[in-house]
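Close look at the chain arrangement
Chain by chain, the residues:
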Number of protein chains: 4
Amino acid sequence: MLKTPCIIVNFKVYQQGYGKKGLKLLKDLEKASEAHMGQVAAAVGPVDIRHFAEQGKIPIFSQHIDPVPYGAFTGHVLPEAVKEAGAVGTLINHSERRLTIADIGAAVARCREIGLMSCVCTNNIDTSAAVAALGPDFLAVEPPELIGGNVSVSSATPEVVSGSVERVRKVNDKVKVLCGAGVKNGKDVAKAIELGASGVLLASGVVTAKDVMAVMKDLLAGLQ
Amino acid sequence: MLKTPCIIVNFKVYQQGYGKKGLKLLKDLEKASEAHMGQVAAAVGPVDIRHFAEQGKIPIFSQHIDPVPYGAFTGHVLPEAVKEAGAVGTLINHSERRLTIADIGAAVARCREIGLMSCVCTNNIDTSAAVAALGPDFLAVEPPELIGGNVSVSSATPEVVSGSVERVRKVNDKVKVLCGAGVKNGKDVAKAIELGASGVLLASGVVTAKDVMAVMKDLLAGLQ
Amino acid sequence: MLKTPCIIVNFKVYQQGYGKKGLKLLKDLEKASEAHMGQVAAAVGPVDIRHFAEQGKIPIFSQHIDPVPYGAFTGHVLPEAVKEAGAVGTLINHSERRLTIADIGAAVARCREIGLMSCVCTNNIDTSAAVAALGPDFLAVEPPELIGGNVSVSSATPEVVSGSVERVRKVNDKVKVLCGAGVKNGKDVAKAIELGASGVLLASGVVTAKDVMAVMKDLLAGLQ
Amino acid sequence: MLKTPCIIVNFKVYQQGYGKKGLKLLKDLEKASEAHMGQVAAAVGPVDIRHFAEQGKIPIFSQHIDPVPYGAFTGHVLPEAVKEAGAVGTLINHSERRLTIADIGAAVARCREIGLMSCVCTNNIDTSAAVAALGPDFLAVEPPELIGGNVSVSSATPEVVSGSVERVRKVNDKVKVLCGAGVKNGKDVAKAIELGASGVLLASGVVTAKDVMAVMKDLLAGLQ
């Protein structure tokens, strides 16, 4: 469903990332993906999953699921609903939406059960190794000091990526590691891949860019 | 947008309440509303808001919003996204999705600002009075001992409805009170209205019913 | 137990606020209270309640309670344990430890039941009015924009204090309002009292002061 | 500080587990430990740590810590305060007090830094393996279906203990595994040890027992 290496763009709840503007952004990502022949996916808000999955061609991830069964869980995001609406996967435990370890384990298991890809966010090498034991498809390591900043992971703390890759491999070598912060341009993407990552997860650098196509072109060049 | 007295049906994350089955349920509610001339609304999961709002005629509520602004709030439910997708209102602070008082206040204010109706759930007379001070359009009082049970609010604890209505009126007489638990049939609806409620909020009694049309006919008779 | 007007000093988890250093601070507050004849209380961490209550003379508040009954609630702060250890009251819903509205209501009720004074923190006029409906002994309004900053509530936003006092009086005139942020010196204390507050709740300005006695002397002068 | 095999008794917030009654219970555990020559520790509420550590001889654990630094964290349990009061260790992530994985990792690191033993609770084999990667001193696996029930882990689900021991060993063989649920008597203790556990964590079976000394005698026999 999702080839690697890949770029997952997290739309968060930016003004450019939902509804009509979000659809425009999605179409731009689609064009960039086709033009530069690189795998791109979009992690979008629950309200837009169906809409975007129907009208776009790139794979849609949910930004979150709750590991609840059918029943009395008002206001929760049911994994089956996300799947039925057309998502192929979901982020879990993003730094802006943390879960307990019991819930992360349950969410990964629910994804496996119903056929959603799981991408669990972690914050350092230790938690990457921990999450690997839960067996998600992907984990995205986001050192908190790099989130949303202007520092590049490749220059600032390359060891958090290489170290996560190494520790994860020992615990569960089927889990792919994404670089989840500190990626600004194609060079950073290339460096992340070089450090052993299977791709990157990024957000504001694309979503709030003045020229999305130009930014994506550069990022996708780094995937090659 | 929503006339009173009204019946709000909370789809929760029941198997019957999302995707294709949820749409079938919505259509049944629509038919019942038209046939028996009573105001019915549906509170649905975020993934289904747009879909249901486009294909159905009865007003759609979200089950939850997060009082966040545009920006870096991955996995949160943006009020503007809910509105843009076609919802006319939202539940806030349901017993299965509690918020802090600061967030309830902020969520009610966000609803007012962008034109969503707000319905805040409370658990007793005191918290009903407290929420009234925040000025939502509706509050739904759900005594925890009645949620999901077989006890009728009208026979068991009518004073929680009449008491909430009375206290709310003193604090802010523009806030309408719904009876949010212990409603099983038309008699309960009629009793709730008699006690001063402007309607009812209910879930499993409708969503998991074998004959939704029959249940709705009975409930709507109680609204008259 | 606590005369008004009063100054409640929140020790938070500052290095100066627990264990031996915390006891030294407590003794300084005690001396200042006696020397300048003003009511002072200390809100301290759970680990230090008994210790401080036994060795000091000023009233001790807990910084938090959980509204749980006896039983299986590992890691929660039992109201009865706080009371038995010698606290006379507790903060509830501090901005750094928010609760749901159902839990705030339950915590205030538990305090009333077992004889602890309750002081609920709020963040604006609306939530102050809401909390008043729950009937705590005190509420402390802390506009988030003033917390920990250098802006004085008296000059910046006096209306949040006077407005809270006014709204609270209408909802429940037995609830006393404290000014919970933006108080730096005796002038601010005097202004808060003038605006209708029954005292102030403050933290870093005292706890991290180089000369606690001098700061307290100034603050207590404002109480007169 | 804590020899293995060991029995950790979690006092929770039972009526028998805090203040004067809690001290009586602690003294009983102390007597039992001495009489039957087995390692016993007590996990107690924050309010009682200092008191119990000063007046008892068996090691005291906190039931919870928050991985916060010094500063503005009102109502949080500062690791340094717990240590200064005399605790030798702490439970982390008990099923009644769950943390995010980032906070579990940070709490374990804080414990290591200041010299507290860490015992992280988990709910199944996968989360046990995950927590092992974070390097706590102990982990206590509590299958949720066994907590507080009458089912014995040795007869019902022995594989959750043996499986956790095995997976944990592969990830980090320095982490000791405790059996955290389904232990009622000496036979269960002996079975847990046989399955590879370094001891047990239990609560109501001891704390609410009519004859604590008899129960402890039986349990300690299982340690031999």
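As the structure is a prediction and not an experimental result, all values here were calculated from the model.

1. As for the relation of the copies chain B and chain C
- The transformation that overlays chain B on chain C combines an axial shift of 0.0 Å with a rotation of 180°, and the residual RMSD is 0.0 Å. Read as a symmetry element, the transformation amounts to a two-fold axis.
- With an isologous cut-off of 70% or more, the 100% of interface residues of chain B that recur at the interface of chain C puts this contact in the isologous class.

2. Considerations on the pairing of strand S2 (residues 39-44) of chain D
Residues and elements named next belong to chain D.
- Counted residue by residue, S2 has six buried out of six residues, so it is predominantly covered.
- Burial along S2 is two-sided: Gln 39, Ala 41 and Ala 43 and Val 40, Ala 42 and Val 44, pointing in opposite directions, are all buried.
- Pairing between strand S1 (residues 6-10) and S2: five bridges, direction parallel. Within the sheet, the bridge partner assigned to Ile 7 lies in S2 and is Val 40.
- Crossover handedness for the path S1 to helix H1 (residues 19-35) to S2: right-handed.
- The β-α-β motif built from S2, the intervening helix H2 (residues 49-55) and the parallel element strand S3 (residues 60-62) has right-handed crossover chirality.

3. Concerning the interface of chain B and chain A
- Opposite the 36 residues of chain B that make contact, chain A presents 36 residues.
- Both faces considered, chain B and chain A share a buried interface measuring about 3,100 Å² in area, 62% of it formed by carbon and sulfur atoms.
- Summed over the three residues of chain B that lose the most area to chain A, namely B:Val13, B:Val47 and B:Thr74, the buried surface amounts to 25% of that side.
- Applying the counting criterion to the chain B and chain A interface returns two salt bridges.
- A salt bridge links B:Arg50 to A:Asp48; its shortest N-O distance comes to 2.7 Å.

4. What about the relation of the copies chain B and chain A?
- Of the transformation superimposing chain B on chain A, the axial component is 0.0 Å and the angular component is 180°, with the fit at an RMSD of 0.0 Å.
- When you check the interface residues of chain B against chain A, 100% turn up at the interface there too, and the contact is symmetric in its surfaces.

5. Quick look at the interface of chain B and chain C
- On the chain C side, the residues contacting the 17 residues of chain B number 17 residues.
- Sorting the residues of chain B by area buried against chain C places B:Ile101, B:Ala102 and B:Ala133 first, and these three jointly supply 36% of that buried surface.
- Between chain B and chain C we count zero salt bridges in total.
- Elements with a minimum of two residues in the side of chain B that touches chain C: helix H4 (101-114), helix H5 (125-132) and helix H7 (158-171) of chain B.
- In terms of residue class, the side of chain B that touches chain C is built from ten nonpolar, four polar and three charged.

6. Overview of the arrangement of the chains
- Taking C-alpha atoms only, the smallest gap left between chain A and chain C, which are not in contact, amounts to 16 Å.
- With respect to C-alpha atoms, chain B approaches chain D no nearer than 16 Å, and the pair has no contact.

7. Some points on the packing of helix H5 (residues 125-132) of chain A against helix H7 (residues 158-171) of chain A
Residue and element names in this part refer to chain A.
- One can describe the packing of H5 onto H7 by two numbers: an axis separation of 8 Å at closest approach and a directional angle of 30°. Put simply, H5 runs roughly parallel to H7. Taken as a pair, H5 and H7 cross one another with a handedness that is right-handed. Residues Ile 125, Asp 126, Ser 128, Ala 129 and Ala 132 of H5 lie in contact with H7, whose contacting residues are Glu 159, Val 160, Gly 163, Ser 164, Arg 167, Val 168 and Val 171.
- Split by residue class, the contact of H5 with H7 holds six nonpolar, three polar and three charged.

8. Digging into the packing of aromatic side chains
- Summed over the entire model, instances satisfying the criterion amount to eight aromatic pairs over all chains.
- Plain terms: the ring middles of A:Tyr70 and B:Tyr18 are 6.0 Å apart, the flat faces sit at 25° to each other, and that makes the pair stacked. Taken as a pair, A:Tyr70 in the loop between strand S3 (60-62) and helix H3 (79-84) and B:Tyr18 in the loop between strand S1 (6-10) and helix H1 (19-35) lie in two separate chains rather than in one.
- Residue classification places B:Tyr18 among the buried positions, given a relative accessible area of 14%.
- Both rings, one in D:Phe11 and one in D:Phe52, keep their centres 6.2 Å apart while their planes meet at 55°; by these two values the pair is tilted. Here D:Phe11 is found in the loop between S1 and H1, whereas its partner D:Phe52 is found in helix H2, with 41 residues between them in sequence.
- With a relative accessible area of 0%, D:Phe11 lands in the buried category.
- D:Phe52 gets classed as buried once you look at its relative accessible area, which sits at 0%.

9. Observations concerning the environment of A:Thr100
Residues and elements named next belong to chain A.
- Note that Thr 100 resides in the loop between strand S4 (89-92) and helix H4 (101-114).
- The class for Thr 100 is buried, based on a relative accessible area of 17%.
- Put simply, Thr 100 and Ala 85 are 15 residues apart on the chain and 26 Å apart in space, counted from C-alpha to C-alpha.
- Among the polar contacts made by the side chain of Thr 100, one reaches the main-chain amide nitrogen of Asp 103 at a distance of 3.1 Å.

10. Details of the side chain of A:Lys12
- Along the chain, A:Lys12 falls in the loop between strand S1 (6-10) and helix H1 (19-35).
- In this structure A:Lys12 touches A:Ala43, A:Gln63, A:His94, A:Glu96, A:Ala203, B:Gly71, B:Ala72, B:Phe73 and B:Thr74, once residues within four positions along its chain are discounted.

11. Observations concerning the pattern of salt bridges
- If you walk through the whole model with that rule in mind, you get 44 salt bridges over all chains.
- Across the pair C:Asp28 and C:Lys24 runs a salt bridge, and its minimum N-O distance is 3.1 Å. Here C:Lys24 and C:Asp28 lie together in helix H1 (residues 19-35), a separation of four residues that amounts to about one turn.
- Taken together, the shared-partner salt bridges connect A:Lys24, A:Asp28 and A:Lys31 into one network.

12. Re helix H8 (residues 186-194) of chain C
Residue and element names in this part refer to chain C.
- Residues of H8 that are buried include every one of Gly 186, Asp 188, Val 189 and Ala 192, and no others. Along the axis of H8, the buried residues cluster in a sector spanning 160°; they form a single face. Exposed side of H8, more than 90 degrees from the buried face: Lys 187 and Glu 194 are the residues found there.
- You can read the cap of H8 off the contacts: a side-chain oxygen lies 3.1 Å from the backbone nitrogen of Lys 187, and it is on Asn 185.

13. As for the environment of D:Val151
Residue and element names in this part refer to chain D.
- Secondary-structure assignment places Val 151 in the loop between strand S6 (138-141) and helix H6 (153-156).
- A C-alpha to C-alpha distance of 8.4 Å links Val 151 and Lys 184, two positions 33 residues apart in sequence.
- Discounting chain neighbours no more than four positions away, the residues touching Val 151 are Leu 146, Ala 156, Gly 182 and Lys 184.

14. Comments concerning the side chain of A:Asn123
- You can see A:Asn123 is positioned in the loop between strand S5 (117-122) and H5.
- Among the polar contacts listed, one links the side chain of A:Asn123 to the side chain of A:Thr127, at a separation of 2.8 Å.
- Sequence-distant contacts of A:Asn123, that is, excluding residues within four places in its chain, are made with A:Arg98, A:Val141, A:Glu142, A:Pro143, A:Pro144 and D:Ala102.

15. Some details on the pairing of S1(D)
- S1(D) sits mainly inside the fold: five of its five residues count as buried.
- Both faces of S1(D) are covered, namely the face carrying D:Cys6, D:Ile8 and D:Asn10 and the face carrying D:Ile7 and D:Val9.

16. Comments concerning unusual backbone geometry
- Note that the residue after A:Thr4, namely A:Pro5, is joined by a cis bond; omega there is 0°.
- You can see A:Pro5 is positioned in the segment before S1.
- For A:Met37, which is not a glycine, the phi torsion comes out positive at approximately 50°.
- Residue position: A:Met37 is located in the loop between H1 and strand S2 (39-44).
- If you check the backbone angles, C:Asn93 has positive phi at about 65° while not being a glycine.
- Within the secondary structure layout, C:Asn93 lies in the loop between strand S4 (89-92) and helix H4 (101-114).

17. Observations concerning the confidence of the model for chain A
- Per-residue pLDDT for chain A averages 94, and the proportion of residues at 70 or more is 99%.
- Our summary of model confidence lists the complex with pTM equal to 0.95 and ipTM equal to 0.95.

18. Examining the packing of helix H8 (residues 186-194) of chain A against helix H10 (residues 212-223) of chain A
Residue and element names in this part refer to chain A.
- H10 packs onto H8 with a crossing angle of 25° between their chain directions and a minimal axis gap of 7 Å. As summarised for this structure, H8 and H10 are arranged roughly parallel, according to the angle between their axes. By crossing handedness, the relation of H8 to H10 is classed as right-handed. Within the contact between the two elements, H8 uses Gly 186, Val 189, Ala 190 and Ile 193 and H10 uses Asp 218, Leu 219, Gly 222 and Leu 223.
- Across the contact of H8 with H10, the residue classes tally to five nonpolar, two polar and one charged.

Parameters and conventions
- Residues numbered from 1 in each chain as written.
- Chains lettered and ligands numbered in written order.
- Predicted model: local features only at pLDDT ≥ 70, side-chain atom pairs only at ≥ 80, totals over all residues.
- Heavy atoms only, no water.
- Least-squares fit on C-alpha atoms with pLDDT ≥ 70 in both.
- Contact = heavy atoms within 4.5 Å.
- Buried < 20%, exposed > 50% of the residue type's maximum accessible area, 1.4 Å probe, protein only.
- Helix = DSSP H or I, 4+ residues; strand = E, 2+ residues; numbered from the N terminus.
- Pairing = 2+ DSSP bridges.
- Right-handed = clockwise from strand over helix to strand, strands pointing away.
- Buried area = accessible area lost by both parts, 1.4 Å probe.
- Salt bridge = Lys/Arg side-chain N within 4 Å of Asp/Glu carboxyl O.
- Nonpolar A, V, L, I, M, F, W, Y, C, P; charged D, E, K, R; others polar.
- Axes fitted to C-alpha atoms, helices over the stretch in contact; angles between N-to-C directions.
- Parallel < 35°, antiparallel > 145°, perpendicular 65-115°, else oblique.
- Left-handed = near helix turned anticlockwise from the far one by under 90°.
- Phe/Tyr/Trp six-rings, centres within 6.5 Å; stacked < 30°, edge-to-face > 60°.
- Polar contact = N/O pair within 3.5 Å; in protein donor to acceptor, adjacent residues only side chain to side chain.
- Arc of directions from axis to C-beta.
- pLDDT = per-residue confidence, 0-100.

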